[in-house]
Amino acid sequence: MEEGTEEEYVVESDVDLGEVWMVELEVSASSVPDYWMLGRDYWFCCRVTVETPGRDQLHFPCYRWLDACTVRLRSSDAKLAADDSVPALSNHRQEEVLERQSLHRWRLNTHDLPSCIDFQTVDDLPLDLKFNQVKRGDFQESVIRALGEMQLKKFVNIPKRSWESLEEFDRIFWNVDNPIAVYVKQHWKEDWIFGYQFLNGMNPVLIRRCGKIPDNFPVTEAMVRSSLGNATLQQTLQMGRLYIVDYKMLDGLEGNIINEEQQYLAAPMCLLHLDQHQRIMPLAIQLKQKPGLDNPIFLPTDSSLDWLQAKMWVRNSDANHHPLVTHLLMTHLMAEVFFVATLRQLPAVHPVYKLLIPHFRYTVQINVQAREDLVGEGAILSRLLAIGPKGRLLLPQRAFKDLTYSSLCLRDNLDQRGVTDLEKYYYKDDGLLVWGAIERFVTKVVDVYYRGDERVRCDLELQAWIADLTQGGLHHLKGSGMPTAFRNRAELSKFLTMVVFTCSGQHAAVNNGQYDWAAWVPNTPSTMRRPPPTAKGVLTMEDIMDTVPSLSQSSLQMAIAWSLSKQPEGMRSLGTYPEEHFSEERVRSIIGEFQAELRHIEHEIRKRNDGLELKYEYLLPSTIENSITI
């Protein structure tokens, strides 16, 4: 057989085997001598089906690569430990978990970040955690391919050359056919689209209702009177129509050095208001956290260049916060913690293992690759972002210390930010639809196997899972509100909903729009080559061109955004379960109901989008991947 071919094999027995509890597969070592250097002879086993004399079929899922080993497979009926009364089956559960714990160890992170799996490189990974042949190749190759396809290679080799005008960016944008990116290019200077991105752009999780203007952001009534119409600043505050985005997490972080050229960061605060057209509009921007004469508050009434560059500095801060916090930490690294704990504590026959395992497909490899190719020293982000190497570690550390359980749970997060009733917040609207569908799906599955809260409390495997997840995976996280034990079905269902949503909907919301919003580089400049302005009224267009990313950096930004946003090969959308981990008809029916609800959500979002000039499609179920694979 050649690599990638598939076969089915029939093995007949002349004797009645009786009741079948397990199936044992023995794969002998290859007889080919090592010196032939043909590599290991791995076989991927999907499942074993046993047909009884009465024509009943018993299914034994495997979905593993096998080579020179003996494995025992349990029936696809999910079982809690309490339901296994046969000693051989109980022993098998324990042996499986112990074997996995020896293979999948935590690498405790000494940098106040989540722990990760203890494999340094992709080559070190077990084959079951690697991409298949359809999804091979690494991120570096993807970026190089993007540079070629987008005809940008000639610009990457001009490291320090500044653009002469905003119009000159067309030299790298001329063949872009992405409708949102083209729309952004046409409207990016307008205040409404600046505000819109806090709701529906690639980082829609930072905006919060402002209950009190911070003391270090001394915005006065006189500054904003002309922008608020008939209302005063205090009235706007009291009506709940004032919002704020604060990048204080970036304060004090050192700038990067790219091509021997110093790069610069700001730590801005941006005050916004909801206008009479229900649009989020910027009111005031301060680029540093400490007020002073050298830290002016920029306003819409300032010169067009002063106001434009102030907004560009905010967008630059967003471009540095997003990849390291919203994207990497809050989805990728958290998903890895959930996955490693699952591998280490839950046997394959456990219903929670069966429920979650499709949502971890390829996550470990993409994270190991990211640590090598994307965020490590000398990696791609070191050539792109304004934030320096120490800051690229310190920023997610700061965010991790502030991470809470409620920040991972969409409804709680929206409520804490005071944005649950904010209109035209499509990330919120669509996210709640997807969260609700996942929640109903998960709750129904939980209720099948946990017929009462006592079953949850007495499931020692489940309790070991959450304990390992919080103590081993999140060992530095204090006071987060993360559960360390489950007392009832409601707590379990909420946590499992959060896990599935983080690995699917949330990642889609913060990943899939990167090219849309960053392809037109002036809208989302990844780095700045001059310090933040310290005065108003002196800025020229030449100053702005010397500040924004160079030709080389702009080309790299476009290529990386394209590579991260494109739909991966072999994508499995949310609710797609080709591996049949569950065989029970009740659960298979629940999966069908989940898939039907996702189709309904898809229809409703598309119907809503038909009336929008700027469509929001990142949480269409068909575009949400089941797991984090890019």
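Residues numbered from 1 in each chain as written. Predicted model: local features only at pLDDT ≥ 70, side-chain atom pairs only at ≥ 80, totals over all residues. Heavy atoms only, no water.

Enquirer: Looking at this model, I keep getting lost on the sheet that holds strand E13 (residues 297–298). Mind explaining?
Expert: Read from one edge of the open sheet, five strands run E7-E8-E11-E12-E13, paired in antiparallel fashion. Each edge of the open sheet carries a strand with a single partner, namely strand E7 (208–209) and E13. Of the strand pairs in this sheet, strand E8 (residues 242–246) and strand E11 (residues 269–274) are connected by five bridges, and their pairing is antiparallel. Each bridged residue has a counterpart across the sheet, and for Asp-246 the counterpart in E11 is Met-269. This element, helix H6 (residues 191–200), spans E8, E11 and strand E12 (280–286) of the sheet and lies at about 95° to E12. (Pairing = 2+ DSSP bridges. Helix = DSSP H or I, 4+ residues; strand = E, 2+ residues; numbered from the N terminus. Contact = heavy atoms within 4.5 Å. Axes fitted to C-alpha atoms, helices over the stretch in contact; angles between N-to-C directions.)

Enquirer: Would you mind showing me how to read the packing of aromatic side chains here?
Expert: Between two aromatic rings, the relevant description is the distance of the centres plus the angle of the planes. Applying the stated criterion to the full structure yields 22 aromatic pairs. Between Tyr-425 and Tyr-427 the ring centres are 5.9 Å apart and the planes differ by 45°, which places this aromatic pair in the tilted class. Looking at Tyr-425, the relative accessible area reads 0%, which means it is buried. Residue classification places Tyr-427 among the buried residues on the basis of a relative accessible area of 2%. Where Phe-441 meets Tyr-577, the ring centres are 6.2 Å apart and the plane angle is 25°; that geometry is what we call stacked. With Phe-441 in helix H15 (residues 426–449) and Tyr-577 in the loop between helix H21 (551–565) and helix H22 (585–609), this residue pair connects regions lying 136 residues apart in the sequence. Neither Phe-441 nor Tyr-577 differs from the other in exposure class; each is buried. Cluster of aromatic residues (ring-pair linked, three or more members): Phe-338, Tyr-405, Trp-465, Phe-486 and Phe-495. (Phe/Tyr/Trp six-rings, centres within 6.5 Å; stacked < 30°, edge-to-face > 60°. Buried < 20%, exposed > 50% of the residue type's maximum accessible area, 1.4 Å probe, protein only.)

Enquirer: Explain the nonpolar core to me, please; I cannot follow it from the model alone.
Expert: Taken as a class, soluble globular proteins show a tendency for nonpolar side chains to be buried jointly. Residues Trp-465 and Phe-495 are the most contacted members of the largest nonpolar core, which totals 164 residues. Here this core takes 20 residues from helix H9 (residues 304–345), the largest share from any one element. The residues touching Phe-495, leaving out its near neighbours within four places in the chain, are Phe-338, Tyr-405, Trp-465, Ile-466, Leu-469, Met-482, Pro-483 and Phe-486. In terms of nonpolar packing, the next biggest core, distinct from the first, is built from 16 residues, Ile-213, Leu-228, Leu-271 and Leu-283 among them. (Core = buried A, V, L, I, M, F, W, Y, C linked by side-chain atoms within 4.5 Å.)

Enquirer: What is the right way to read unusual backbone geometry from this model?
Expert: Leaving glycine aside, a negative phi is the common case for residues, and trans is the common case for peptide bonds. Positive phi is not limited to glycine here, since Tyr-63 has a value of about 50°. Tracing the chain through its elements places Tyr-63 in strand E3 (residues 57–66). The backbone of Tyr-362 sits at a positive phi, close to 70°, despite the residue not being glycine. Assignment of secondary structure puts Tyr-362 in the loop between helix H10 (351–356) and helix H11 (363–374). On the basis of relative accessibility, which here comes to 12%, the residue Tyr-362 falls in the buried class.

Enquirer: Just checking my understanding: could you explain the confidence of the model for the protein chain for this structure?
Expert: Should pLDDT be low for a region, the predicted coordinates there are not to be read in detail. The pLDDT averaged across the protein chain works out to 92; a share of 94% of its residues lies at or above 70. Between residues 34–38, whose pLDDT stays under 50, and residues either more than four places distant or in other chains, the model counts one contact. (pLDDT = per-residue confidence, 0-100.)

Enquirer: Just checking my understanding: could you explain the state of the cysteines for this structure?
Expert: A covalent bond between the sulfur atoms of two cysteines is referred to as a disulfide. Throughout the structure, instances matching the rule amount to zero disulfides. Looking at Cys-62, it has no disulfide partner, and the nearest cysteine sulfur is the one in Cys-45, 4.0 Å off. What makes Cys-62 buried here is its relative accessible area of 10%. (Disulfide = S-S within 2.5 Å.)

Enquirer: Can you walk me through empty space enclosed by the protein in this structure?
Expert: One water molecule sets the probe size; rolling that probe over the atoms shows where empty space is left. Summed over all chains, the structure comprises two cavities of 30 Å³ or more. By volume, the largest cavity is sized at about 50 Å³. Lining the largest cavity are Trp-188, Phe-194, Gln-197, Leu-308, Lys-311, Met-312, Arg-315, Pro-522 and Asn-523. Only H6 and H9 provide two or more residues apiece to the lining of the largest cavity. The element best represented in the lining of the largest cavity is H9, accounting for four residues. (1 Å grid on protein atoms, 1.4 Å probe; cavity = no way out; pocket = protein on both sides within 12 Å on 5 of 7 lines; lining within 4 Å. Points joined across faces, edges and corners; volume = space filled by probe spheres on them.)

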